[in-house]
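Analysis of the macromolecular model
What follows is each chain in one-letter form.
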Amino acid sequence: MEGFQQLTDSHRSRDCRRLCGRICVRCLDRMDRGLRALLGLYRESDEALAPGAPVLRERVSGSRATVGIVLDERALALRTRTAEVMALWARLVVDERTGDRPAGRGMGALVRFLRQQLHWLAGHQAGPDFDEELAELLGDLRGLLGMGPVSRFELGPCTRPECAGTLYGVLPADGGGGVPTHVTCDDGHALPPRQWLLVADRMREAA
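Attention in this report is confined to the structure presented alongside it. Every chain's residues receive numbers from 1 upward, in the order its sequence appears when written. For a predicted model such as this one, the threshold for reporting local features is a pLDDT of at least 70, and the threshold for listing and counting side-chain atom pairs is 80 or more; totals across whole chains, interfaces and linings nevertheless cover every residue. Values shown for side chains rest on all heavy atoms present in the structure; no hydrogens or waters enter the calculation.

Think of each axis as a best-fit line through the C-alpha atoms, taken over the contacting stretch in the case of a helix, with angles from 0 to 180 degrees between the N-to-C directions. For the purposes of this entry, the term helix denotes a DSSP run of H or I that reaches at least four residues, the term strand denotes a run of E that reaches at least two, and both are numbered from the N terminus. Where helix H4 (residues 73–96) meets helix H7 (residues 127–144), the axes come as close as 11 Å, and the angle between the chain directions of the two elements is 160°. With respect to H7, the axis of H4 lies roughly antiparallel. For the pair H4 and H7, the sense of crossing is left-handed. Between H4 and H7, the contacting residues are Arg74, Ala75, Leu78, Arg81, Thr82, Val85, Met86 and Trp89 on the first element and Asp129, Phe130, Glu133, Glu136, Leu137, Asp140, Leu141 and Leu144 on the second. Here the angle decides the label: under 35 degrees means roughly parallel, over 145 means roughly antiparallel, 65 to 115 means roughly perpendicular, and every other value means oblique. Rotating anticlockwise by less than a right angle from the far helix to the near helix defines a left-handed crossing, while the corresponding clockwise rotation defines a right-handed one. When checking whether two residues touch, look at their non-hydrogen atoms; a contact exists if any pair is within 4.5 Å.

The term salt bridge refers to a pairing of a side-chain nitrogen on Lys or Arg with a carboxyl oxygen on Asp or Glu at a separation within 4 Å. By the definition in use, this model includes 11 salt bridges. Put simply, Asp129 and Arg14 hold a salt bridge, and the shortest N to O gap is 2.7 Å. In this pair, Asp129 sits in helix H7 while Arg14 sits in helix H2 (residues 13–20), placing the two residues 115 residues apart along the sequence. Three exposure classes are used, based on accessible area relative to the maximum for each residue type with a 1.4 Å probe and protein chains only: buried under 20%, partly exposed in between, and exposed over 50%. Classification of Asp129 as partly exposed rests on a relative accessible area of 33%. Here the salt bridges do not stand alone but share partners, grouping Arg12, Arg30 and Asp131 into one network.

Here it is as structure tokens:
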């Protein structure tokens with residue numbers, strides 16, 4: 001406990017692991033949010049790659065606005081790396097814990113599995129490495145999709161019938177003219193732009 005009190009609010013998991021012997025609850029909560037965000041960004045990048053449905057992003061800088069289409073080989077390479085990294089960490093858990101396996105091979109199943117294993121990873125010597133690789137993937141995906149500093153606003157329940165998550169719109173920190181860059185729920189479901197009319201009234205109220 002004394003070691004934990006020496007840590008700043010912005011500390012990373014390697015700091016608390018070194019001082020306290022395991023990753024702290026605050027870092028685990030951040031990692032859990034990071035995994036949910038990773039799944040949302042991964043699914044959004046899939047929408048960007050869908051034939052005939054490129055994601056258009058409006059970037060506001062001063063008085064000029066530009067629209068870019070995110071659709072290139074970088075997205076394919078990054079999606080592959082993201083899936084491989086998550087699969088390797090799931091494999092580590094499976095190899096070292098008996099009876100625990102992901103429900104499938106897709107990204108959603110891998111992320112859900114790793115979220116369930118965070119408390120185990122908190123005491124594992126490789127836990128800080130997982131945290132750092134997760135942060136790197138998040139940064140790369142956000143960079144690929146043109147996301148700088150952002151703010152979120154709540155839009156109510158997720159539109160998927162089977163999901164109990166909360167839907168959020170994401171705006172650039174400067175407001176971006178009130179137009180969200182993407183809409184996703186805290187369980188990782190991304191709502192593609194062509195479906196934003198489903199929550200248009202909620203977005204107007206939030207704005």
